[in-house]
Amino acid sequence: MKHQFVLILDFGGQYNQLIARRVRECGVYCEVHPYSKALYIIKSKNPIGIIFTGGPSSVYSDCAPKIDPSIFSMNIPILGICYGAQIMAQTLGGEVKSAKVSEYGKTKTKLFKDSILFKNLPEEIITWMSHTDYIATPPKSFKVTSSGPSSPIAGMEDSDKKLYAVQFHPEVNHTEYGKEIIKNFLYDVCGCNGDWSMSKYAQSTIESIKKQVGDGKVLLALSGGVDSSVLAALLSKAIGSQLTAVFVDHGFMRKNEGNEIEDSFKNWNMKFIRVDASERFLNRLAFVTEPEKKRKIIGEEFIRVFEEEARKVGAVDYFAQGTIYPDVIESGNGDASLIKSHHNVGGLPDYIDFKEIIEPLRMLFKDEVRQLGFELGLSDVLVKRQPFPGPGLAIRIIGEITKEKLDMLRDADFIFREEIAKAGLDRNINQYFAVLTSMKSVGVMGDFRTYDYTLALRGVTTSDFMTADFAKIPYDVLEKISVRIVNEVKNINRIVYDITTKPPSTIEWE
Ligand code: XMP
């Protein structure tokens, strides 16, 4: 696919992926690469703009990342952010100093009107700061374009050389107009034309898969999750029946989910195999209560079932993986070819007879994978699916798993999700599900004493699933859910709502 390219040079900052996502959201293709590879990437990929990310170092520390000064005279526009701004200042002869106290959080920042970076922006905005060092004197040819109470030089530029820098983080949502600042840099400084779109990506990737695969055979482990579903759709469009997608149904999917996955794919042009292995998994898990043991058994059994099916398919040329860009960046900045250590694909290639791995989603962020899914015509059910752990409901039943408990949990979880959707809360809560505890307590129903299970409801809001807050579901919605579950699902007589954040809790209970 021919498109413009912007290079994000990674100095180790925690927001490096966020910068790349913002650039892509602006319709511009970018990649994240380590600062140490700058000159090589510039030579081989010809970027029309470069963004330096922030980073945890002080420019004065011994192991501080340095940049080859020649990068500043290549006539490629550069935007330095936080550490990226400081290293630009220091390398070009300005002065960076260490403050006694770090500046962290939201701060009011003045923007000077004549900078193209701040085109059409107010004179003062809230920005997000996170730094100890600050630029005390800009390099000679630079003018100051922005300032804040603790950062006299919150922005600087040499517009003739197309070099721009900001101390604050335009990529985080806390910075007002942050996306506009990035957009101004891309469109008004670098001359981007917004030629990155998922429809073009779909077309060109389909073409390149066709070319690469020829008349070869491709095998895919389909979990029904967003990534593997979009991958299946993409491969189906490219190579049709040369693709065999194996969906191992371990029996721990949510209510109707196995059928939904099958219904979604059975009319696509591919060989679709659904293996009902639910009994086999249940037998392996009989009397197992320890969470890590459950996960391990499920992972191993999954590989075994998949391996048996793959043997029936016979030798294939390619094994397709749904690796996505965050995995690639985290595994070492886009260089290592990563085998996702997810339980249901980790290790698989060792067991299966194939020549090569293909990873057509490896340059896409999750939201782009979803857009691609829509482009390819996948249903909302698959594309908007909330995250679901590989071991499924098996880790949402505390203690021993039985068929009865699974059915109970499935019904209760379905009611919870149905009522959340009815209340229109499904867009605001990032993940929500029910957990069947192993605790029983006394209740009363009609004239009878009951001694039944306690069900826990969990709903979280989060942007990265690394930290999460519990969702503030209105009491009347919780009440409706509670009444329905207790009335409609046998053997549950108590409902509790999980009000812990992550950390200290995790999102899942096991
Ligand atoms: P925790 O419980 O660690 O979950 O706070 C964070 C996110 O990861 C999901 N999760 C998994 N996803 N395989 C997966 O693909 C797993 O084994 C697994 N365990 C947890 C969890 O649902 C949440 O979104």
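S.K.: Would you mind showing me how to read the sheet that holds strand β10 (residues 218–221) here?
M.R.: Two modes of strand pairing occur in sheets, parallel and antiparallel, and in both the strands are linked by backbone hydrogen bonds. Within the open sheet, the 5 strands sit side by side as β12-β11-β10-β13-β14. Their pairing is parallel. Both outer strands of the open sheet, β12 (271–276) and β14 (356–358), are each paired with one neighbouring strand and no more. Mean inter-strand twist for the sheet, computed between neighbouring axes without regard to direction, equals 25 degrees. With 3 bridges joining them, β10 and strand β13 (residues 318–320) adopt parallel strand pairing. Across the sheet, L220 pairs through a bridge with A320, a residue of β13.

S.K.: What am I meant to see in the pairing of strand β4 (residues 78–81) here?
M.R.: Across a regular strand the side chains alternate sides, sitting on one face of the sheet and then on the other. Alternating positions in β4 separate into two faces, I78 and G80 on one and L79 and I81 on the other, with burial throughout. Both strand β3 (residues 49–52) and β4 contribute to a ladder of 3 bridges, which runs parallel. Bridged to I50 within β4 is I78. Two strands pair when backbone bridges link them, and β4 and strand β9 (residues 163–166) are joined in this way by 4 bridges, in the parallel orientation. Within β9, the position partnered with I81 by the bridge is V166.

S.K.: Teacher, can you tell me more about the state of the cysteines here?
M.R.: In a disulfide, the sulfur atoms of two cysteines are covalently bonded to one another. Counted by the stated rule, this structure contains 0 disulfides. As a non-bridged cysteine, C26 has C192 as the owner of its nearest cysteine sulfur, 8.7 Å distant. You can call C26 buried: its relative accessible area is 5%. A disulfide-free cysteine, C82 has its sulfur positioned 16 Å from the sulfur of C63, the nearest such atom.

S.K.: Is there a simple way to think about the packing of helix α6 (residues 226–239) against helix α12 (residues 366–376) in this case?
M.R.: A packed helix pair is summarised by two numbers, namely the angle formed by the two axes and the spacing between the axes. Between α6 and α12, the shortest axis-to-axis distance is 9 Å and the interhelical angle comes to 40 degrees. The orientation of α6 relative to α12 falls into the category oblique. For the crossing formed where α6 meets α12, the hand is left-handed. Where α6 approaches α12, its residues V226, D227, V230, A233, L234 and K237 are matched on the opposing element by K366, V369, R370, L372, G373 and L376. In terms of residue class, the contact of α6 with α12 is built from 7 nonpolar, 1 polar and 4 charged.

S.K.: Before we go on, may I ask you to explain the pairing of β10 in this structure?
M.R.: The side-chain alternation of β10 yields two buried faces, one formed by V218 and L220 and the other by L219 and A221. Sheet topology places β10 next to strand β11 (residues 243–249); 4 bridges connect them, and they run parallel. When the sheet's bridge partners are listed, A221 is paired in β11 with V246. At this point the chain moves from β10, through α6, to the parallel β11, and the crossover so formed is right-handed.

S.K.: Help me understand the pattern of salt bridges, please; the structure alone is not making it clear to me.
M.R.: Side-chain pairs of opposite charge can arise whenever the charged atoms involved come near each other. Tallied over the entire structure, the rule returns 41 salt bridges. Across the salt bridge formed by K113 and E123, the nearest N and O atoms sit 3.8 Å from each other. A residue pair is termed long-range when its members are at least 10 positions apart, and K113 in the loop between β5 (95–111) and β6 (124–137) and E123 in the loop between β5 and β6 qualify at 10 residues. Of the two residues, K113 and E123, both sit in the exposed class. Two residues, K296 and E300, come together in a salt bridge whose shortest N-O distance is 3.5 Å. Separated by 4 residues within a single helix, K296 and E300 lie in helix α9 (residues 291–313), roughly one turn from each other.

S.K.: For this particular structure, what's the right way to read the sheet that holds β5?
M.R.: An order of β2-β1-β3-β4-β9-β8-β7-β5-β6 is seen for the 9 strands of this open sheet, with the pairing classed as mixed. Lying at the two open borders of the sheet, with one neighbouring strand each, are β2 (30–34) and β6. Across the sheet, the mean angle separating the axes of adjacent strands is 25 degrees when strand polarity is ignored. Taken together, the 12 bridges between β5 and β6 define a ladder with antiparallel strand orientation. Along β6, the bridge assignment pairs S98 with D133. The strands touched by helix α2 (residues 38–45) within the sheet are β1 (6–10), β2 and β3, with β1 carrying the most contacts at an inclination of about 170 degrees.

The rules behind each value
- Residues numbered from 1 in each chain as written.
- Predicted model: local features only at pLDDT ≥ 70, side-chain atom pairs only at ≥ 80, totals over all residues.
- Heavy atoms only, no water.
- Pairing = 2+ DSSP bridges.
- Helix = DSSP H or I, 4+ residues; strand = E, 2+ residues; numbered from the N terminus.
- Axes fitted to C-alpha atoms, helices over the stretch in contact; angles between N-to-C directions.
- Buried < 20%, exposed > 50% of the residue type's maximum accessible area, 1.4 Å probe, protein only.
- Disulfide = S-S within 2.5 Å.
- Parallel < 35°, antiparallel > 145°, perpendicular 65-115°, else oblique.
- Left-handed = near helix turned anticlockwise from the far one by under 90°.
- Contact = heavy atoms within 4.5 Å.
- Nonpolar A, V, L, I, M, F, W, Y, C, P; charged D, E, K, R; others polar.
- Right-handed = clockwise from strand over helix to strand, strands pointing away.
- Salt bridge = Lys/Arg side-chain N within 4 Å of Asp/Glu carboxyl O.

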